[in-house]
Amino acid sequence: MSSPVWHPFTQHGLNEPVPLVSRAERAGLFTADGRRVIDAISSWWVTTHGHCHPRVMAAIRAQSEKLDQLIFAGWTHEPAETLARQLVGMMPRPLEHVFFSDSGSTSVEVALKMALGHFANRGEDRHRIVVMAGSYHGDTVGGMSVGARSVFNRSYAPLMFDVDVIPFPEAGHEQATIDAFEQLCGQRPAALIVEPLVLGAGGMKMYPAGVLKALRELCAAHGVLFIADEVMTAWGRTGTLLACEQAGVVPDLLCLSKGLTGGSLPLAVTMARGEIFESHRSQDRAKMFFHSSSYTANPIACAAAVANLEIWSEEPVLERVADLARRQVGHVRRLEGKVSNLRQLGTIVAMEFEESEGAYLSALGPKLMAFFRERDVLLRPLGNTVYVMPPYCISDDDLGRIYTVIGEAIEAFAG
Ligand code: PMP
């Protein structure tokens, strides 16, 4: 019998198999038909420590016995309070305020609304948003608007608002990005939103920390709010807790999700500097921050996130990250010359399978995906860009198997 489920980013007309997964542990997914599949992309980049981490699972079980859900407007609960306090302690100063939402996309929507609310409440006419070409910030309408216009969202263009775009800092042309932003600063935009160091869904494109630093400095000089969308890059993915650290910068607004709960439950936060909170704090009710959703700060998700933060504070997570980065270097070296644009940042490795510029609908993508699936490795190429982003606990055997299968795919398809 066919399933009534309508899957995301899936062309049901192509009748590709959709494996049924019934259990997961560490880097392994166990299918209903008895296979063990290696999760080489951390289930869309969320699973940091590994699937079903015992500490996170225990926290979820314990919280589910106490408080399942609570309206978060005008009421609060211990897991949210603890999590917010710990996040403020863990993330760089002065990100002092924590606003909860449910996904990476909503954390971005919240950041954009906070930026505009900040200037509106101060009576300043600043509302333009500057974005980097090729970015991805989510699939809600605001997220799409500040992301790259592409086949992802072409049909929905009439829904989207206009933004100013600076070029991606291609190698050797970094200054062009910085110059373009400096020019736009003259028009007094409200905010710049960027994915620090790596453009994820845009094809795992990497750029140097110096560009991020220069953009941040321009923001500070021109009163433009700097929004760091670290939905993908945070929680150690790029080698440091935040990618921004590598540029020595602190954003005005920081978007976090995915690894916030260790990848176990949906939750997001937008962290803000005091100034942005203060511009909304007033005796005037019309100046409050008008955003909510039913499940804002769900207690069980918050408890999972508190457990994640405990893992970060009590276990050597950054050492595991460094170890995973190091363990991939040898594998990467063996691929040199066989693929183009081979690159690595922290735990992320990416490459292109053809010389031609990758496009999401490249015919190669689905063929590669099927090739990997048939070999029990979950890899989901972005067009002809193949990338590896495993959970930090992955074994040497599983990691080796991922690169063996990539090697086989190169033999079969590349060139
Ligand atoms: N921003 C970035 C940088 C992302 O990578 C993603 C998701 N891949 C999002 C936002 C959207 O997050 P979500 O899918 O949780 O809405």
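Residues numbered from 1 in each chain as written. Predicted model: local features only at pLDDT ≥ 70, side-chain atom pairs only at ≥ 80, totals over all residues. Heavy atoms only, no water.

Visitor: Just give me the short version of the sheet that holds strand β2 (residues 28–31), but keep the residues and values in it.
Guide: Backbone-to-backbone hydrogen bonds pair the strands of a sheet. The strands run either parallel or antiparallel. With respect to topology, 4 strands assemble into an open sheet ordered β1-β2-β3-β15, the strand pairing being mixed. On the outer flanks of this sheet lie β1 (21–25) and β15 (377–378), each paired with one strand and no other. Bridge analysis of β1 against β2 gives 4 bridges, and the strand direction is antiparallel. Looking across to β2, one finds that Val21 is bridged to Thr31. Running at roughly 85° to strand β3 (residues 36–39), helix α12 (residues 396–413) makes contact with β3 and β15 of the sheet. (Pairing = 2+ DSSP bridges. Helix = DSSP H or I, 4+ residues; strand = E, 2+ residues; numbered from the N terminus. Contact = heavy atoms within 4.5 Å. Axes fitted to C-alpha atoms, helices over the stretch in contact; angles between N-to-C directions.)

Visitor: So what's going on with the site of the ligand? Which residues, and what values?
Guide: Taken together, Trp45, Ser103, Gly104, Ser105, Tyr136, His137, Gly138, Glu195, Asp229, Val231, Met232 and Lys258 make up all the residues around the ligand. Against a free-state accessible area of 390 Å², the protein chains account for coverage of 83% of the ligand. Here the residues of the shell around the ligand sort into 4 nonpolar, 5 polar and 3 charged. (Near = heavy atom within 4 Å. Areas by Shrake-Rupley, 256 points an atom, 1.4 Å probe, with all protein chains shown as cover. Nonpolar A, V, L, I, M, F, W, Y, C, P; charged D, E, K, R; others polar.)

Visitor: Lay out the environment of Leu112 in plain terms, naming residues and giving numbers.
Guide: Inspection of the secondary structure puts Leu112 in helix α4 (residues 104–121). Considering only alpha carbons, one finds Leu112 and Leu253, 141 residues apart in sequence, at a separation of 9.1 Å. In this structure Leu112 touches Ile129, Gly142, Val146, Phe161 and Ile227, once residues within four positions along its chain are discounted.

Visitor: I'd like a description of the environment of Asp397, backed by residues and values.
Guide: Take Asp397: it is sitting in helix α12. Along the primary structure Asp397 and Met369 are separated by 28 residues, whereas in three dimensions their C-alpha atoms are 21 Å apart.

Visitor: Describe in detail the domain arrangement of the protein, supporting the description with residues and values.
Guide: By a widespread convention, an interface's size corresponds to the accessible area lost as its parts come together. Taken domain by domain, the protein consists of domain 1 (12–52 + 318–414) and domain 2 (56–314). For domain 1 versus domain 2, the distance between C-alpha centres works out to 27 Å. Across the domain 1/domain 2 interface, buried area totals approximately 2200 Å², and carbon plus sulfur atoms make up 68% of it. By the criterion of area lost to domain 2, the three top residues of domain 1 are Trp45, His49 and Leu345, representing 28% of everything that side buries. Applying the counting criterion to the domain 1 and domain 2 interface returns 0 salt bridges. (Domains from an automatic or database assignment. Buried area = accessible area lost by both parts, 1.4 Å probe. Salt bridge = Lys/Arg side-chain N within 4 Å of Asp/Glu carboxyl O.)

Visitor: Please give an account of the side chain of Gln63 that cites residues and values.
Guide: Mapped onto the secondary structure, Gln63 falls in helix α2 (residues 54–64). Look at Gln63 and you get buried, because its relative accessible area is 8%. At 3.1 Å, the side chain of Gln63 forms a polar contact with the backbone oxygen of Leu67. Excluding residues that lie within four positions of it along the chain, Gln63 makes contacts with Pro79, Pro299, Ile300 and Ala303. (Buried < 20%, exposed > 50% of the residue type's maximum accessible area, 1.4 Å probe, protein only. Polar contact = N/O pair within 3.5 Å; in protein donor to acceptor, adjacent residues only side chain to side chain.)

Visitor: Explain the packing of aromatic side chains to me, and be specific about the residues and the numbers.
Guide: This model, assessed by the stated rule, comprises 10 aromatic pairs. A connected cluster of aromatic rings, assembled from ring pairs, spans Phe9, Trp44, Tyr136 and Phe152. Directly above the aromatic system of Phe168 lies the positively charged group of Lys205, at a separation of 4.4 Å from the ring centroid. Across the ring face of Phe371, the terminal group of Arg375 is positioned such that the distance to the ring centre comes to 3.5 Å. (Phe/Tyr/Trp six-rings, centres within 6.5 Å; stacked < 30°, edge-to-face > 60°. Lys NZ or Arg CZ within 6 Å of the ring centre and 35° of its normal.)

Visitor: Describe the nonpolar core, and please don't skip the residues or the numbers.
Guide: The biggest cluster of nonpolar side chains holds 98 residues, and the ones touching the most others in it are Phe181, Leu192, Met204, Trp235, Phe353, Ile402 and Ile406. It is helix α9 (residues 299–314) that contributes the most residues to this core, 10 residues altogether. Here this core spans two domains, and each of domain 1 (12–52 + 318–414) and domain 2 (56–314) adds at least three residues to it. Counting 23 residues, the second largest nonpolar core, distinct from the first, contains Val110, Ile129, Leu253 and Ile276. (Core = buried A, V, L, I, M, F, W, Y, C linked by side-chain atoms within 4.5 Å.)

Visitor: I'd love a proper account of the sheet that holds strand β14 (residues 348–352), names of residues and values included.
Guide: Pairing within the open sheet is antiparallel, and its 3 strands lie in the order β13-β14-β16. In the strand order of this sheet, the two ends are held by β13 (340–345) and β16 (385–388), each with one partner. Sheet twist, expressed as the average angle between the axes of neighbouring strands with direction ignored, equals 10°. As paired elements, β14 and β16 share 4 bridges and run antiparallel to each other. In the strand pairing of β16, Glu352 is matched with Thr385. Packed on one face of the sheet, α12 meets β14 and β16 and runs near 165° to β16.

Visitor: Requested: an account of the pairing of strand β11 (residues 253–256), with residues and values cited.
Guide: Successive residues of a regular strand alternate their side chains across the two faces of the sheet. The two faces of β11 match: Leu253 and Cys255 on one face and Leu254 and Leu256 on the other face are all buried. Note: β11 against strand β12 (residues 268–273), 4 bridges, orientation antiparallel. Bridging across to β12, Leu256 finds its partner in Val269.

Visitor: Please set out helix α7 (residues 209–222) residue by residue, giving values where relevant.
Guide: Its 14 residues place the ends of α7 20 Å apart at the C-alpha level, agreeing with the 20 Å of an ideal helix rising 1.5 Å per residue. Turning to α7, its buried residues are Val211, Leu212, Ala214, Leu215, Arg216, Leu218 and Cys219. Looking at the packing, one finds that the buried side of α7 touches β5 (129–132), β6 (164–166), α6 (174–185), β7 (191–194), β10 (225–229) and β12. Downstream of α7 by a residue or two, Gly223 has a phi angle that is positive, lying close to 65°. (Expected span 1.5 Å × (residues − 1).)

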